[in-house]
Amino acid sequence: MGKPTIIVMEGDQTGQELLEEALRVLSPDVTGYEIEVRKFDLSLENRRRTQNAVVHEAAEAMRETGLGLKAATITPEEKGDVGSPNAILRKEINGTVIVRTGRRIPGIAPPVGVYSPISVIRMAVDDAYGAKEWREQLDNGDEVAYRTEKISRSVCRGVAKYAFQHARRMHAKVFGGPKYTVSPVYEGMLKEEMDAAAKEYPDVRYEPQLIDATYALLLARAGEALVIPALNRDGDCLSDLVLQMFGTIAGSESLLLSLDESFQPKVVMAEAPHGTAPNLYRKNMANPMAMILAGAALLNYVPDKDAHTVSRAIYEATLESIVDGIRTADLGGQATTTEFTDEVIRRVRTKLEVWSTFGDAV
């Protein structure tokens, strides 16, 4: 096959710095694997200058190539400004689910007793995000705020089916769910699709819980591999909690998936789950692990054995670096951002060179 094309979306502050570290690792000079990179400047300055046209252009390019790697970007809070590029990208590529997986980081003692991976399969669109909001003044002087939200059965079905497919691959249990007892019409729609998917995948263990019970029971189930389907905002909160349970939010990639008719990924956008960390900008201190893993994850969706080999090498090199004490400050180490990436690159080169001597035996 021809070399894959990755749409690279540049960002802001530390987000851009960490993207550049991930691209260093993906370089053909390091991996020996040829990729084509097409860059789009999604910095706040350029989004304002183009009135978000550059975001739409990046989304169109991702629809063509199926692969995107995005840096963290600033979302301005002022009403009438350019808003969130993520919201535009999710809509334009018909994103259905966001997948974030907390996994044990070797050599790092988690703050709680988690051992097995936990994936949050979050609705990528609708729900609390993009809801219509307004306020009204009452005659008695009080003020009332309203919000209208929506979800669709097609997205609920995508979240539920992908959750069971993901759980089958992970040998995990599908666990949790929405507050369907309080909201049987709205949140109950996701529960209905979870129940239907459970019948379609009878080999996958299924333990539905209300969202509040899901939070409460996470620690009690921490020894099991779990996959948690969730509404958009529930999943946003859950994924931050789950990643931090394993020691750091910078320990895992975040994947936005657009699904085809068989609920298989057709467009994949990988990014770090954290923001632009302005307090770390230009200090060479931020942890590039999540962005490096985002690049590795993207290669797993390329239908090419060599891409999968490179992906595995990057994953192993990243985690082995931490085991051997090459860590940034957030993980209790003293390595700078570039020093950590340098070590990952050294190990990737070594692994691929050694593996090449074994041919198809690896």
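These numbers come from a predicted model, not from an experiment.

1. Observations regarding the sheet that holds strand E1 (residues 5-10)
Backbone hydrogen bonds hold the strands of a sheet together, and the pairing may be parallel or antiparallel. Taken together, the 10 strands give an open sheet; going across it, the order is E2-E1-E3-E12-E11-E4-E5-E10-E8-E9, and neighbouring strands pair in mixed fashion. With one partner strand each, in any of the chains shown, strand E2 (36-41) and strand E9 (206-208) form the two edges of the open sheet. In this sheet, adjacent strand axes meet at a mean angle of 20° when their direction is disregarded. Note: E1 against E2, six bridges, orientation parallel. Along E2, the bridge assignment pairs threonine 5 with glutamate 36.

2. What to know about the pattern of salt bridges
Considering all chains together, one arrives at 30 salt bridges under this definition. We note a salt bridge from glutamate 316 to arginine 312, for which the minimum N-O separation is 2.8 Å. Pair noted here: glutamate 316 and arginine 312 are both in helix H11 (residues 305-323), with a separation of four residues, about one helical turn. Its relative accessible area of 40% is what places arginine 312 among the partly exposed residues.

3. A few points about the side chain of threonine 5
Tracing the backbone shows threonine 5 in strand E1. Residue threonine 5 is classed as buried on the basis of its relative accessible area of 16%. Polar side-chain contacts of threonine 5 include one of 3.5 Å to the side chain of glutamate 36. If we ignore the near neighbours within four places in the chain, the residues touching threonine 5 are Glu36, Arg38, Thr65 and Leu67.

4. Observations regarding the nonpolar core
Counting residues in each nonpolar core, the largest one holds 94 residues, and the members touching the most others are Leu69 and Ile314. For leucine 69, the residues in contact, after removing those within four places along its chain, are Ile6, Ile7, Val8, Met9, Leu19, Leu23, Leu26, Ala270, Met291, Ala294, Gly295 and Leu298. Counting 14 residues, the second-largest nonpolar core is a separate cluster that includes Val114, Val120, Phe175 and Val242.

5. Some words on the pairing of strand E10 (residues 226-230)
Extensive coverage of E10 is indicated by the burial of five of its five residues. Here E10 shows no split at all, with Leu226, Ile228 and Ala230 on one side and Val227 and Pro229 on the other all buried. Judged from the five bridges that link them, strand E5 (residues 118-123) and E10 form a sheet pairing that is parallel. Bridging across to E10, arginine 122 finds its partner in alanine 230. Pairing of strand E8 (residues 173-176) with E10, which is carried by two bridges, proceeds in the parallel orientation. Across the sheet, lysine 173 pairs through a bridge with leucine 226, a residue of E10.

6. Comments concerning the side chain of threonine 328
Mapped onto the fold, threonine 328 is located in the loop between H11 and helix H12 (337-356). Threonine 328 sits in the buried class, given a relative accessible area of 1%. Side chain to side chain, threonine 328 and aspartate 330 meet in a polar contact 2.6 Å long.

7. As for the packing of H11 against H12
When two helices pack together, their arrangement is given by the angle between the helix axes and by the axis-to-axis distance. Between H11 and H12, whose axes approach to 8 Å, the crossing angle comes to 130°. It follows that H11 is oblique to H12 by the angle criterion. For the pair H11 and H12, the crossing hand works out as right-handed. Touching Thr309, Val310, Arg312, Ala313, Ile314, Glu316, Ala317, Thr318, Glu320, Ser321 and Ile322 of H11 are Phe340, Glu343, Val344, Arg347, Val348, Lys351, Leu352 and Trp355, all from H12. Taken together, the residues that form the contact of H11 with H12 break down as 10 nonpolar, three polar and six charged.

8. Quick look at H12
Its 20 residues place the ends of H12 29 Å apart at the C-alpha level, agreeing with the 28 Å of an ideal helix rising 1.5 Å per residue. Turning to H12, its buried residues are Thr337, Phe340, Thr341, Glu343, Val344, Ile345, Arg347, Val348, Lys351, Leu352 and Trp355. In this fold, the buried residues of H12 make contact with helix H1 (13-26), helix H2 (28-31), helix H10 (289-299) and H11.

9. As for the environment of isoleucine 211
For isoleucine 211, the location among the structural elements is in helix H8 (residues 211-217). With relative accessibility at 11%, the residue isoleucine 211 sits in the buried group. Residues contacting isoleucine 211, with those up to four places away along its chain left out, are Gly177, Pro178, Lys179, Asp234 and Leu238.

10. Focus on the pairing of strand E4 (residues 97-102)
Counting buried residues in E4 gives six out of six residues, a clear majority hidden from the surface. The side-chain alternation of E4 yields two buried faces, one formed by Val97, Val99 and Thr101 and the other by Ile98, Arg100 and Gly102. Judged from the six bridges that link them, E4 and E5 form a sheet pairing that is antiparallel. Among the inter-strand pairings, threonine 101 is bridged to a residue of E5, identified as serine 119. Sheet topology note: the E4/strand E11 (residues 254-259) ladder contains four bridges and is antiparallel. Bridging across to E11, valine 97 finds its partner in leucine 257.

Thresholds, definitions, all that
- Residues numbered from 1 in each chain as written.
- Predicted model: local features only at pLDDT ≥ 70, side-chain atom pairs only at ≥ 80, totals over all residues.
- Heavy atoms only, no water.
- Pairing = 2+ DSSP bridges.
- Helix = DSSP H or I, 4+ residues; strand = E, 2+ residues; numbered from the N terminus.
- Axes fitted to C-alpha atoms, helices over the stretch in contact; angles between N-to-C directions.
- Salt bridge = Lys/Arg side-chain N within 4 Å of Asp/Glu carboxyl O.
- Buried < 20%, exposed > 50% of the residue type's maximum accessible area, 1.4 Å probe, protein only.
- Polar contact = N/O pair within 3.5 Å; in protein donor to acceptor, adjacent residues only side chain to side chain.
- Contact = heavy atoms within 4.5 Å.
- Core = buried A, V, L, I, M, F, W, Y, C linked by side-chain atoms within 4.5 Å.
- Parallel < 35°, antiparallel > 145°, perpendicular 65-115°, else oblique.
- Left-handed = near helix turned anticlockwise from the far one by under 90°.
- Nonpolar A, V, L, I, M, F, W, Y, C, P; charged D, E, K, R; others polar.
- Expected span 1.5 Å × (residues − 1).

Any functional reading would require information beyond the geometric quantities listed.
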